[in-house]
Amino acid sequence: MKIYQKILIGLALFLLLFFATIHIYSAYYLEDQIKNSLVNEINGNSDGKYQFNISKLNLSFINRTISLGEISFKTTESAVQKLNVDLKSISLSGIDLSQLLFKREISIGRILIDNPSIQLRRDASESTGSNAETLIQRAAEASSSVLSNIVIPEVVISKFDLQLYRETELTPYLSFSNSVLTLYDVSLNEASLTGSYPFEHSSGAFRNIEYYPESGLYSIRGSSAEFSSITQTASADSLLLTPLLEPRSFFNTVGYRTDRMTGSLTSVQLDGFDLNAFLNRGILVSENLFLREPELFLFRNKNYPRRENRSGKPLPQEMLLELGIPVMIDVVTIEGATVRYSEIAENAENSGYIEFTQLDARLLNTTNIDSLIEKNSSWSMDATTRVMDNGELDVSFQFPLNEDYHTINGRLKQMNATDLNHALEPIASVRIESGNISTLRFEMRMGKTEAVGFLEVIYDDLKISVLDVETGDKNIRSRITSFLANHLKIKKDNVADDPRMGTVSYQREPEKSFFNYWWKSLRTGLKTSIGIDD
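Worth saying up front: this structure is predicted, and the values here are computed from it rather than measured.

Draft legend 1. Up close: helix H11 (residues 514-530). Compared with an ideal rise of 1.5 Å per residue, which puts 17 residues at 24 Å, H11 spans 25 Å between its outermost C-alpha atoms and is within 8% of the ideal. Along H11, the residues that are buried comprise Phe 514, Asn 516, Tyr 517, Trp 518, Lys 520, Ser 521, Thr 524, Gly 525, Ser 529 and Ile 530. One or two residues past the end of H11 sits Gly 531, with phi positive at roughly 105°.

So this is what it looks like as C-alpha cells:
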C-alpha cells in the first residue's frame, strides 16, 4: 500500500471518528444543553407571566437540521392576557452553523411549524395592542441576548388553529382551523420585531372561519380566506351573515326599530392588492374588487318604538370619507346580487317587501385619500337590476367626493304594475288592480337637506283599491275611497305623446338612512305623476 493511500485512509478514519464524536456529544449532551438553555433563557425574561417548555430537541450537524417536538407556551395566572400555544413540532433546516459560531447570527433555509393550536383570552381592562407590544418587546430582548440576527428565507405554519376569547366568554369570538401561513425572507432582530412586520412577503389560507360580534346578535362565517403578497391577490369564499335570534327575540332584545339582516356572498376577490401597504401603513389599495352573488335581506318591524336620541345618518360620500382607513380601489364589480327589504308597518301583522334581483353594478374611483380626490373627485356607480324580478331598472349614481350632494338618474322598462302589490298591500294598504308601466325615468339631485328633480312614468289602465288597515281587505268604506281615488284623483293613463311630469321635492329626515331618503324622494315624484297630491 502506497503512502498516499495510507494517508487518505487515515484521514477518512479521523473524519469518521470526528463526526461520530460530534454525533454522540450532540445526542447525549449538546441537545439537552441547547434545549435547557433555550427554555431557561425564554422563561427568564417572562417575569413569571408565562411558561415555555420543549419536550424534545434533535440536532443533526450532517443534515444541518434542528427539530423541536411537543412545544408549549402558557401564560400564568399573574398574566393579564391569557395565551396558550401548543405545537406538535418545529423543524429548522438548511442551518449555517458557521454564522452561528462566528457572528452570533442564525441563517436558516426553512422553518416548518406543524399543527399549532393557539388560544388567546382578551382582558377588557387592557388593550390587545399594548399586550402584544409587551410580548413582542420581551421576545426581542430574549433573542437579542443570544443572537444578533436571524435570517430565514421561508417560514411555514401548517395546519394551525386559532381561538380568540373575550374576557368572560366560553365560546371564542374569532376562530379558524386547519390553516396555512407562509412568510418569506424573514429577518428577526430587535429592530424588526419592534418596527414593521419582519418579512418581505406572505401568503396564507384560513379555513372554517367564525366571528361573533360583541353585540351578540349575529355570526359571520366563511369557508376559506386566502391571500398572497406575491401575486397581490386576496379572496374569501362562502361568507354568511346570520342572526343568532329569531325575529321576535331579536327585536325584543334590541328594543327599538332597526334592520335585522341576513346575508351571504359566494366570493369576494381583490386583484392588484398591495398587502404590504395594508400591513405596514394601514392603507387598502387594490385595482379591482369583485363581489359575486351577494344577497342581503333586511327586515324591520315598525311595531317597536323608534330609537331615542337618534343621530344623523351619513350620506354615501360621508360614509366613504369617514371610513377610518385610507382606501383606493379602482373598480368595484358586483355580479348577480339580490337585495330584499321587508317591513311590518305600524299596527300591522303581515310584512310587505320590495326586491331587486339580478343586480349587476360597477363602481369607479372608490377612494377617501385627499391627494387622490384632488386629482379626481368623481365617485360613480352604474347598476342594472330587476324590480320584483320583473321590470328592468338601469340606474346611474354620481357622488362628487368634494361636494355635499349626489345625483341619481334611472330608467325602468316595461313592467306589470300589479307586481308592486307585495309592497303596497301590507305597507300602504293599497292594491293595484290593474296597470301597465311602459317606462319610468327620473333624475334627482340629493342635497344634504333636500332632494329635487323630476319623474316621468308612462302607463295605462291604472286602477287601485284602498284596503281596510285592520283586515287588509275591502269593505264599504274602502270601496267608496277607492272609487273616489280612481275617478277624482288617480289619472288612469299617462301617454307618451303628452306626458304628465312628476315633481321630486322632499325634505330629508337626517336620522334615517340614505336608502330611505332615496325612496321617499322618488315617491314624491311618483305621486305627483299619477295625480296624487299630499
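Draft legend 2. Fine view of the pattern of salt bridges. Tallied over the entire structure, the rule returns 18 salt bridges. Residues Lys 56 and Glu 70 are paired through a salt bridge, measuring 3.8 Å at the closest nitrogen-oxygen approach. In this pair, Lys 56 is assigned in strand E1 (residues 50-60) and Glu 70 in strand E2 (residues 65-75), connecting sequence segments 14 residues apart. A salt bridge links Glu 346 to Arg 257; the nearest nitrogen and oxygen atoms lie 3.1 Å apart.

Draft legend 3. Representation of helix H5 (residues 247-254) within the structure. Among the residues of H5, Phe 250, Phe 251 and Val 254 are the ones counted as buried. Angular distribution of buried residues about the axis of H5 spans 90°; they occupy a single face of the element. Among the exposed residues of H5, those oriented more than 90 degrees off its buried face are Arg 248 and Thr 253.

Draft legend 4. Looking closely at the pairing of strand E19 (residues 406-412). The two faces of E19 differ: His 406, Ile 408, Gly 410 and Leu 412 on one face are buried, but Thr 407, Asn 409 and Arg 411 on the other face are not. Taken together, the six bridges between strand E18 (residues 391-400) and E19 define a ladder with antiparallel strand orientation. Bridged to Ser 396 within E19 is Asn 409. Here E18 folds back onto E19, and the loop between the two strands holds five residues.

Draft legend 5. Summary view of the environment of Met 501. Take Met 501: it is sitting in the loop between helix H10 (476-489) and strand E23 (502-507). Classification of Met 501 by relative accessible area gives partly exposed; the value is 40%. Note: C-alpha distance between Met 501 and Ile 530 (29 residues apart in sequence) is 8.9 Å. Sequence-distant contacts of Met 501, that is, excluding residues within four places in its chain, are made with Arg 441, Phe 454, Leu 455 and Glu 456.

Draft legend 6. Focus on the nonpolar core. Leu 68, Ile 90, Leu 92, Ile 111 and Ile 408 are the most contacted members of the largest nonpolar core, which has 89 residues in total. Tallying contributions element by element places strand E7 (residues 149-165) first for this core, with seven residues. Those residues in contact with Leu 92 that lie beyond four places of it in its chain are Arg 64, Thr 65, Ile 66, Leu 68, Ile 108, Arg 110 and Ile 111. Membership of the second largest hydrophobic core comes to 10 residues, among which are Leu 217, Phe 251, Phe 299 and Tyr 304.

Draft legend 7. Quick look at the confidence of the model for the chain. For the chain, mean pLDDT is 83; residues scoring 70 or higher make up 80% of the total. Note on residues 126-133: pLDDT is under 50 here. Beyond four places in sequence and across chains, it has six contacts. Predicted confidence for residues 474-484 stays below pLDDT 50, and this span has 15 contacts to residues more than four positions away or in other chains.

Draft legend 8. Spatial organisation of the packing of aromatic side chains. Under the criterion given, the structure shown has 18 aromatic pairs. Summarising the aromatic geometry, the rings of Tyr 197 and Phe 199 are spaced 5.8 Å apart at their centres and angled 55° between planes, so their arrangement reads as tilted. For the pair Tyr 218 and Phe 250, a centre-to-centre distance of 5.8 Å together with 65° between the ring planes defines the contact as edge-to-face. Here Phe 250 lies in helix H5 and Tyr 218 lies in strand E10 (residues 218-228), a separation of 32 residues in the sequence. Comparing Tyr 218 with Phe 250, the two get one shared label, buried. Three or more aromatic residues link up through ring pairs in this structure, and these residues are Trp 379, Phe 397, Phe 399, Phe 514, Phe 515 and Trp 518. Lying across the ring of Phe 250, Arg 260 places its NZ or CZ 5.9 Å from the centre. Sitting over the ring of Tyr 405, Arg 445 keeps its end group 3.8 Å from the ring centre.

Conventions we followed
Residues numbered from 1 in each chain as written. Predicted model: local features only at pLDDT ≥ 70, side-chain atom pairs only at ≥ 80, totals over all residues. Heavy atoms only, no water. Helix = DSSP H or I, 4+ residues; strand = E, 2+ residues; numbered from the N terminus. Expected span 1.5 Å × (residues − 1). Buried < 20%, exposed > 50% of the residue type's maximum accessible area, 1.4 Å probe, protein only. Salt bridge = Lys/Arg side-chain N within 4 Å of Asp/Glu carboxyl O. Arc of directions from axis to C-beta. Pairing = 2+ DSSP bridges. Contact = heavy atoms within 4.5 Å. Core = buried A, V, L, I, M, F, W, Y, C linked by side-chain atoms within 4.5 Å. pLDDT = per-residue confidence, 0-100. Phe/Tyr/Trp six-rings, centres within 6.5 Å; stacked < 30°, edge-to-face > 60°. Lys NZ or Arg CZ within 6 Å of the ring centre and 35° of its normal.

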